[in-house]
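Overview (structure and organization)
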Amino acid sequence: MLEQKYEKLQSILRDMGSVVVAFSGGVDSTFLLKAAVDTLGADHVLAVTADSETYPSSELEEAKRLAKWIGAPHEIIETSELAIPGYAENSKNRCYFCKSSLFDHLIPLMEAKGFQNVVYGVIADDANEYRPGMKAAKERGVCGPLQEANLYKKEIRELSRRLGLPTWDKPSFACLSSRIAYGESITVEKLTRVEKAEQFLRQTFQIRQVRVRTHQEIARIEVEPNDMAVILAHRDRIAKQLQTYGYQYVTLDLVGYQSGSMNKMLP
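These numbers were taken from a predicted model, which means no experiment stands behind them. (Residues numbered from 1 in each chain as written. Predicted model: local features only at pLDDT ≥ 70, side-chain atom pairs only at ≥ 80, totals over all residues. Heavy atoms only, no water.)

Section: the overall build of the protein
Short version of the rule: Each helix is a run of DSSP H or I of at least 4 residues and each strand a run of E of at least 2, with the numbering of both proceeding from the N terminus. Radius of gyration here uses only the C-alpha atoms, and the compact-globule reference equals 2.2 Å multiplied by the residue count raised to the power 0.38. Three labels apply to residues, based on accessible area from a 1.4 Å probe with only protein chains included: buried if under 20% of the type maximum, exposed if over 50%, partly exposed otherwise in between. By the convention used here, residues are in contact when the closest approach between their heavy atoms is within 4.5 Å. Residue exposure ignores everything except the shown protein chains as possible cover, and the areas themselves are Shrake-Rupley values with a 1.4 Å probe. Counted as positive: Lys and Arg. Counted as negative: Asp and Glu, with His and the chain ends omitted from the count. Positions of charges follow a simple convention, taking NZ of Lys, CZ of Arg, CG of Asp or CD of Glu.
Tallying secondary structure elements over the protein gives ten helices and seven strands in all. Taken over C-alpha atoms, the radius of gyration comes to 19 Å for the protein, in line with the 18 Å a tight globule of 267 residues would show. Across its three principal directions, the C-alpha atoms of the protein cover 55 × 40 × 35 Å. Buried residues in the protein amount to 51% of all 267 residues. Long-range contacts, defined as pairs at least 24 residues apart, comprise 73% of the intrachain contacts of the protein with a sequence gap of at least 6. Carbon and sulfur atoms make up 50% of the accessible area of the protein, which totals about 12700 Å². Here the protein contributes 34 positively and 35 negatively charged side chains, and the mean placements of these two sets differ by 4 Å.

Below you can see the structure in the form of structure tokens.
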């Protein structure tokens, strides 16, 4: 079954002829880029990474390394989500504004360089999640080959492992804005605060999957249940460090890490 899905993905890509891949360096876009290069050849693929306020510098450097490792031509473009009308207000349609702007950058690039399609890493799991960015893709004719091939995250990780991709077990990642509660304005200062807090927890305590959700001056730390003991054992140090970044209160979410947990606040 898994081999058949991968063959379907390759068939979808072959029919496209050439693609510009919206490339973040995450599990899904890295797998998509690898499949595209293996199927179409590097001359028919271009990876494009958008560097912005919501994208950590560590992720950008990893994206550069991964594209080079795969052998894909790679371009980095400068964008600013905070300059998009409606984005900084952080409404429930925030991701729609973001993806609209991203694709509005990629489509002219595709046309200028003679490619035939823009593709991005939406997957089968996303069909059951709140993903307003999918509407932006549909409006602009941007394709999601992984979703079209009915590939789920678990399957993408397994196929990535078989292909030797170092991202096969990489923790899931989303833009830094996803850490800020809906309705609370997004600023460079808040994004920087989140990035510093998460980097501190990952590097100091080797916690791989972590989110520092922001509710005004409250930091709500989400980690896997097995890592909660580490947080509690070093609670004084963690609280003091995060307070230096600007948080007044530091909490641990006892439910643990949940992808898209901020969406619980939506009607």
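Here the narrative resumes, following the displayed structure.
Digging into the sheet that holds strand β7 (residues 249–252)
The cut-off we apply is this: Paired strands are those between which DSSP finds at least two bridges. Orientation is described by lines fitted to C-alpha atoms, with helices fitted over the stretch in contact, and by angles between N-to-C directions that extend from 0 to 180 degrees.
Reading across the sheet, the three strands line up as β5-β6-β7 and stay open at both edges, with mixed pairing between neighbours. A strand with exactly one partner marks an edge of an open sheet, and here the two such strands are β5 (210–215) and β7. Taking each pair of neighbouring strands and ignoring which way they run, the sheet shows an average axis angle of 25 degrees. Here β5 runs beside strand β6 (residues 218–223); their pairing, made up of six bridges, is antiparallel. What sits directly across from Thr214, in β6, is Ala219. Across the sheet, helix α8 (residues 188–205) lies against β5 and β6, angled at about 150 degrees from β5, the strand it touches most.

Some words on the domain arrangement of the protein
Put simply, the rule is: Note that the domain bounds were set by an automatic or database domain assignment. Put simply, buried area is the surface a 1.4 Å probe can reach on two separate parts but cannot reach once they are joined, added for both. Salt bridge, as applied in this entry: a Lys or Arg side-chain nitrogen positioned within 4 Å of an Asp or Glu carboxyl oxygen. Contacts described as polar in this section are N or O atom pairs within 3.5 Å, which, within protein, must combine one atom able to donate a hydrogen with one able to accept it, while residues neighboring in sequence count only if both atoms come from side chains.
As assigned here, the protein comprises domain 1 (1–163) and domain 2 (176–265). Relative placement of domain 1 and domain 2: their C-alpha centres are 27 Å apart. With 14 residues of domain 1 in contact, the opposing surface of domain 2 contributes 15 residues. Both sides together, the interface formed by domain 1 and domain 2 hides about 1200 Å², and carbon and sulfur atoms give 50% of it. Of all residues in domain 1, the largest losses of buried area upon contact with domain 2 belong to Leu82, Asn90 and Arg94, amounting jointly to 38% of the total for that side. Between the two partners, domain 1 and domain 2, sit zero salt bridges. Applying the counting criterion to the domain 1 and domain 2 interface returns nine residue pairs in polar contact (both at pLDDT 80 or more).

Notes on the pairing of β6
Within β6, five of the six residues are buried, leaving the element largely enclosed by the surrounding structure. In textbook terms, the turn of a hairpin is the stretch between consecutive antiparallel strands, and for β5 and β6 this stretch comprises two residues, one of which, Gln216, has a positive phi near 55 degrees. In the sheet, β6 pairs with β7 via four bridges, with the strands oriented parallel. Bridge assignment links Ala219 to a residue of β7, and that residue is Val250.

Thoughts on the packing of helix α2 (residues 27–40) against helix α3 (residues 57–70)
Two packed helices can be described by the angle between their axes and the distance between those axes. Convention followed: Each angle gets one of four labels, with under 35 degrees taken as roughly parallel, over 145 as roughly antiparallel, 65 to 115 as roughly perpendicular, and the rest as oblique. The handedness criterion is simple: a crossing whose near helix is rotated anticlockwise from the far helix by less than a right angle is left-handed, and one whose near helix is rotated clockwise is right-handed. Asp, Glu, Lys and Arg are counted as charged, while Ala, Val, Leu, Ile, Met, Phe, Trp, Tyr, Cys and Pro are counted as nonpolar; the rest, among them Gly, fall into the polar class.
α3 packs onto α2 with a crossing angle of 25 degrees between their chain directions and a minimal axis gap of 10 Å. Judged by the angle between their axes, α2 and α3 are roughly parallel. α3 is crossed by α2, and the crossing has right-handed handedness. Residues Thr30, Leu33, Lys34 and Val37 of α2 touch α3, and the partners they reach there are Leu66, Ala67 and Ile70. Looking at the contact of α2 with α3, its residues break down into five nonpolar, one polar and one charged.

Here's the deal with the UniProt feature "active site" (unreviewed entry) in the protein
Selection criterion: UniProt positions are given in the numbering used here, feature names are shortened, and annotations may be inferred rather than shown by experiment.
Here, UniProt's "active site" (unreviewed entry) annotation points to Cys175. Locating Cys175 in the fold gives a position in the loop between α7 (153–162) and α8.

Examining unusual backbone geometry
Notably, Asn150 is not glycine yet its phi reads approximately 60 degrees, a positive angle. Position of Asn150 among the secondary structure elements: in the loop between α6 (145–148) and α7. Its relative accessible area of 36% is what places Asn150 among the partly exposed residues. Here the phi dihedral of Gln206 falls at roughly 55 degrees; this positive angle occurs in a residue that is not glycine. Overall, the relative accessible area of 59% leaves Gln206 in the exposed class.

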